[in-house]
Amino acid sequence: MTRFVCCLSAVVLALIPAFAIGQGVLIDVRPEQGYRLPRSRIWPPYPYPPYPHPHPHPRPRPQPPQSYKIERLTVNANIVDQVAKVQVTQSFVNTGSRQLQVAFVFPLPYDGAVDRMTFMVDGKEYPAKLLSAEEARRIYEGYVRRNRDPALLEWIGTGMFKTSVFPVPPGAKRTVTMSYSQVCRKNGGLTEWLFPLSTAKYTSKPVDKIELNLTLRSQVSIKNVYSPTHGIKIKRPSDTTAKISWTAEHEVPMGDFRLLYDVGKQKVGASLLSYRPNGEGEGFFLLLVSPDIQRAKKKAMRKTVLFVVDRSGSMSGKKIEQAKAALKFVMNNLNEGDLFNIIAYDSTVESFKPELQRYNDKNRGKALGFVEGLYAGGSTNISGAMKTALAQLQDEQSPAYIVFLTDGLPTAGEQNEAKIAVGVRKQNKVRARIFPFGVGYDVNSRLLDKLARVGFGQSEYVRPNEDIETQVAKLYQRISAPVLVDMKIKFAVKGSTSEKGKPVSRVYPKDVRDLFAGNQLVLVGRYRQPGKAKVTISGQVDGQPQSFAFSGKLTKRSEDDSNAFIEKLWAVRRVGEIIDEIDLHGKNQELIDELVALATRHGILTPYTSFLADDNVNVRDVAKTRHRAGVALNALAIESGRSGFNQRRAKGNLQRAQMAPRSGYGSFDRDMSGGMGGAMPATAGRAMSGGGGLFGKPAPSGQALATDRPAARPTVLHIGTKTFFWRKSRWEDSTLTEQQAKEVQKIERFGDTFFKLVNQFGKSAAKYLSIDQPLVVVLNGQAYSFESP
């Protein structure tokens with residue numbers, strides 16, 4: 001059976017002489033109409049033509065005679081042993097003033113076969129016809145030429161299905177249901193499923209609601225489940241079943257949905273993907289690692305948990321009650337046989353018991369009584385509390401975890417943050433994992449990051465309006481069942497020698513110690529030497545050494561950009577690591593230069609690179625951008641308060657990012673702006689929400705802007721492998737050099753040369769040429785300029 005990932009991106013079009021495609025698109029292609037696909041006002045080119053700044057009193061714009069909006073999109077899919085059965089329900093409304101005679105059309109972006117394809121429009125079935133890639137190309141190109149609308153360029157070179165004609169009167173709502181089967185393709189040992197949400201961006205307003213529900217079933221254990229494009233929720237009812245969901249409201253989806261998963265019989269599963277854009281230089285890899293779930297549920301590894309809680313005066317009221325609730329949650333969810341203790345501190349340090357206790361019903365009851373007796377008052381002796389906790393840990397074989405909670409600065413005992421961190425490192429003889437929780441804005445966030453760094457853990461930050469119990473519960477659920485501890489990951493590449501150096505470098509996250517049941521490790525790094533690779537994962541299981549070996553490939557040259565997200569994800573994490581190095585060890589010009597280079601190339605907005613969103617800043621003036629970043633990095637000297645809190649929380653989110661920025665506009669989280677002293681930099685705010693969500697919860701691309709009033713123009717755009725900045729009333733490729741800008745080749749849109757370029761570069765460039773605004777893009781080292789149609 002031929003490999004196939006179905007792009008069920010439906011297009012509905014008016015059938016006068018031709019057809020077109022897209023997700024839920026209504027098209028009237030009569031030559032006299034000059035119809036263009038609708039665009040929401042939150043993404044280019046609406047309003048059209050572009051204007052540099054929003055009018056303070058915008059006038060209402062008349063609705064075009066041919067227009068529509070997508071109300072709802074629901075996707076339900078079941079994948080069993082690589083075969084997917086999918087049902088898609090989509091509702092759209094004709095918001096124009098004329099009746100449309102439409103057909104339902106969707107593209108086939110991959111080679112393959114689809115069977116049992118059925119279409120229902122308001123319950124009535126319509127027959128469909130398959131058009132070859134060549135037939136479809138003539139239709140695509142004809143539409144683009146005739147209507148001077150580049151929207152369909154990205155599908156040139158693919159086949160299509162189309163239905164017969166049905167009417168949609170003005171104001172009428174139509175619900176289309178599609179059912180189909182497909183064989184998912186393989187990608188580096190992983191099975192891939194793609195649903196092209198991006199074509200739903202052709203809607204006059206954001207989609208009210210998008211729901212995607214996917215069930216995976218396999219005859220052998222499902223190991224890794226990962227989406228490089230969306231923040232999915234995963235439930236694992238058994239080793240052979242996984243349920244995936246993703247929802248959004250008031251969203252204009254700018255990128256497709258991708259899911260990758262693998263199966264295997266080993267206790268630990270791993271899959272390796274790689275990306276190398278050219279045959280020279282560095283490549284980038286992604287390693288997914290997941291343990292066997294049922295084994296951990298049947299026999300959990302014994303662990304030690306110490307809860308160190310701040311009961312100083314500043315914790316009084318709601319905070320101490322939430323901290324007590326968090327303690328109770330942990331006490332009620334330890335495993336039989338675990339060791340535990342509770343240490344409460346203010347000016348003095350008090351332990352529930354002088355030594356670790358075995359978890360059972362009797363000790364649980366006593367511990368809950370101790371928790372009830374906690375009251376806030378006094379100063380904050382952080383160093384004394386950590387010294388007491390670490391002194392109780394003697395067993396190097398059993399994994400130990402310290403959950404350390406504070407809402408303030410050290411005001412008793414040792415108060416120098418550097419000395420506190422050094423003391424914790426020396427006292428931590430069993431390599432316990434330390435998870436500091438900073439509650440509210442008054443914490444010394446830099447100190448907590450230092451404790452996490454020397455304690456092989458990670459810091460968490462809880463806003464004043466967030467619930468402490470909820471955040472602690474999330475952490476504990478993540479670490480409650482260790483499967484493999486003291487883990488080490490080794491790479492060996494065929495043909496690589498010690499003279500060539502290590503086969504991989506700059507691997508993130510840096511300090512991966514344990515693997516937990518129900519959790520998945522997403523590791524990214526760089527490589528120089530391509531070839532067949534062997535990955536060995538070793539560690540301790542119940543005190544016994546175990547090792548697992550996996551084979552993979554580090555590609556010499558990637559044939560397409562399907563794995564380009566790996567480079568972007570690596571860049572995001574690397575930026576987080578650079579900021580962390582500067583934060584903990586001081587500024588270094590080499591690190592600043594690398595930070596600016598990565599942020600510029602990939603459009604990564606941080607408090608220190610927010611100038612990239614300023615359309616008055618020349619990003620090609622490297623000296624000035626480095627200077628701007630260097631000045632902005634002075635803010636890291638602030639170790640506490642709202643600014644310090646937000647900077648460290650944002651830094652941690654970069655370091656732990658699970659996916660690269662999504663296609664769409666770069667985001668500058670509101671908390672991140674607060675990190676610069678509580679006020680959003682005027683220029684940074686113009687990078688609209690909806691891209692990667694790097695600094696907190698991802699914001700839907702239309703949520704904050706789904707109004708009838710135009711918002712400030714977005715100035716950062718992620719499309720495919722490229723990032724574009726809005727400069728001089730046009731989108732400019734982030735890789736554009738001064739020399740290329742001087743030698744730019746101007747191309748007339750929709751002319752013969754334009755379509756020659758489309759044919760020359762194919763799908764790799766079509767996604768950029770479909771941008772419906774003035775554009776400068778670099779293709780194979782040559783810069784091309786396209787003005788508005």
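Look above for the structure.
What you see is a predicted model, and the numbers here were worked out from it, not measured in a lab. (Residues numbered from 1 in each chain as written. Predicted model: local features only at pLDDT ≥ 70, side-chain atom pairs only at ≥ 80, totals over all residues. Heavy atoms only, no water.)

Caption draft 1: Structural view of the side chain of Ser 271. Here Ser 271 shows up in strand S19 (residues 268–275). For Ser 271, the side chain forms a polar contact with the side chain of Asp 262, separated by 2.4 Å. The residues touching Ser 271, leaving out its near neighbours within four places in the chain, are Gly 189, Leu 190, Asn 224, Asp 262, Leu 286, Leu 287 and Leu 288. (Helix = DSSP H or I, 4+ residues; strand = E, 2+ residues; numbered from the N terminus. Polar contact = N/O pair within 3.5 Å; in protein donor to acceptor, adjacent residues only side chain to side chain. Contact = heavy atoms within 4.5 Å.)

Caption draft 2: Structural context of the sheet that holds strand S15 (residues 222–226). Across the sheet, which stays open at both edges, the 4 strands sit in the order S12-S13-S18-S15 with antiparallel pairing between neighbours. Both edges of this open sheet fall to strand S12 (185–187) and S15, since each of them pairs with a single strand only. Pairs of neighbouring strands in the sheet enclose a mean axial angle of 35°, with direction left out of account. (Pairing = 2+ DSSP bridges. Axes fitted to C-alpha atoms, helices over the stretch in contact; angles between N-to-C directions.)

Caption draft 3: Layout of helix H3 (residues 318–331). Taking 1.5 Å per residue, 14 residues should reach 20 Å; H3 reaches 20 Å between its end C-alpha atoms and fits that length. Buried within H3 are the following residues: Ile 320, Gln 322, Ala 323, Lys 324, Ala 326, Leu 327, Phe 329, Val 330 and Met 331. The elements touched by buried residues of H3 are strand S21 (304–310), strand S22 (339–345), helix H4 (361–372), strand S25 (400–406) and helix H8 (468–479). (Expected span 1.5 Å × (residues − 1). Buried < 20%, exposed > 50% of the residue type's maximum accessible area, 1.4 Å probe, protein only.)

Caption draft 4: Representation of the nonpolar core within the structure. Ranked by internal contacts, the top residues of the largest apolar core, which has 77 residues, are Trp 193 and Leu 216. Counting residues per element, this core draws most heavily on strand S3 (residues 68–80), at 6 residues. With residues near it in sequence (within four places) discarded, Leu 216 still touches Ile 79, Ile 222, Val 225, Thr 240, Thr 241, Ala 242, Ile 244, Leu 259 and Tyr 261. The next biggest cluster of nonpolar side chains, apart from the first, holds 61 residues, and it includes Ala 270, Leu 368, Phe 370 and Val 371. (Core = buried A, V, L, I, M, F, W, Y, C linked by side-chain atoms within 4.5 Å.)

Caption draft 5: Main features of unusual backbone geometry. The step from Tyr 508 to Pro 509 runs through a cis peptide bond, and the omega angle for that step is 5°. Residues other than glycine seldom take positive phi values, yet Phe 456 does so here, at roughly 60°. With respect to the secondary-structure elements, Phe 456 resides in the loop between helix H7 (445–454) and strand S27 (460–462). Overall, the relative accessible area of 18% leaves Phe 456 in the buried class. Positive phi is not limited to glycine here, since Arg 506 has a value of about 45°. Relative to the helices and strands, Arg 506 is located in strand S29 (residues 504–508). Taking relative accessible area as the criterion, Arg 506 reaches 32% and is therefore assigned partly exposed.

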